[in-house]
Amino acid sequence: MPSPFWSCWRRCCKQYVSATAGSLRAQVQSAYAQTLTQQYPQAQQAFRQAAHSARQASKKLGLLVRRNALDRMNETMAVLPQYANPENQADLAVEAARVLAQIDQLEQCFTGTF
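Residue positions are counted from 1 within each chain, in the order its sequence is given. Confidence filtering applies because this is a predicted model: local features only for residues at pLDDT of at least 70, side-chain atom pairs given and counted only at 80 or more, and all residues used for totals across whole chains, interfaces and linings. Heavy atoms throughout the structure, all of them, feed into the side-chain values; hydrogens and water do not.

A. Summary view of helix H1 (residues 4-36). An ideal rise of 1.5 Å per residue puts 48 Å on 33 residues; H1 measures up with 48 Å between its terminal C-alpha atoms. Of all the positions in H1, only Cys13, Val17, Thr20, Ala21, Leu24, Arg25, Gln27, Val28, Ala31, Gln34 and Thr35 are classed as buried. In this text, helices come from DSSP runs of H or I with a minimum length of four residues, and strands from runs of E with a minimum of two, each type numbered from the N-terminal end. Phi turns positive, to about 60°, at Gln38, one or two residues after H1. Between the first and last residue of a helix there are one fewer steps than residues, each counted as 1.5 Å, and that sum is the expected span. Note on exposure labels: buried denotes an accessible area under 20% of the residue type's maximum, exposed denotes more than 50%, and partly exposed covers the range between, all computed with a 1.4 Å probe on protein chains only.

The following block contains the structure:
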């Protein structure tokens, strides 16, 4: 039978991973929505902020999920600002969908680990 501490620790970690993933997901979706309304400079800044948030979150998430999953997400996040312009809408759609899937994978990595 698992100890109460282990159950509590796992639950707290799961809440952190879910909350962090939710926040990153919301930032990417919000930045992408700005490109749809042709607010490109604001979208570029929002994507930069999302990438910064992802790098900061990686410091703690790296203790809970696979490092290669974090690295892939951070690499994809880093390219999003350059696609936030009228000429690259199709590329941005693909990369935004990719990073959202990678964020989902982070949550799956955690639940698969514990």
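B. Quick peek at the environment of Gly22. Looking at the element boundaries, Gly22 is found in helix H1. Linking Gly22 and Ala78, residues 56 residues apart in sequence, is a C-alpha distance of 18 Å.

C. Representation of the packing of H1 against helix H2 (residues 40-61) in the model. Think of each axis as a best-fit line through the C-alpha atoms, taken over the contacting stretch in the case of a helix, with angles from 0 to 180 degrees between the N-to-C directions. At a closest axis distance of 8 Å, the pairing of H1 and H2 adopts a crossing angle of 165°. What the angle tells us is that H1 and H2 run roughly antiparallel. As H1 packs across H2, the resulting crossing turns out to be left-handed. Between H1 and H2, the contacting residues are Tyr16, Val17, Thr20, Leu24, Gln27, Val28, Ala31, Tyr32, Gln34 and Thr35 on the first element and Tyr40, Gln42, Ala43, Ala46, Phe47, Gln49, Ala50, Ser53, Ala54, Ala57, Lys60 and Leu61 on the second. Its residues assigned to classes, the contact of H1 with H2 shows 14 nonpolar, seven polar and one charged. Relative orientations are named as follows: roughly parallel for angles under 35 degrees, roughly antiparallel for angles over 145 degrees, roughly perpendicular for angles from 65 to 115 degrees, and oblique for any other angle. With the far helix as reference, a near helix turned anticlockwise by less than a right angle produces a left-handed crossing, and one turned clockwise produces a right-handed crossing. Should any heavy atoms of two residues lie within 4.5 Å, those residues are considered in contact. Residues are grouped as follows: nonpolar covers Ala, Val, Leu, Ile, Met, Phe, Trp, Tyr, Cys and Pro; charged covers Asp, Glu, Lys and Arg; every other residue, Gly included, is treated as polar.

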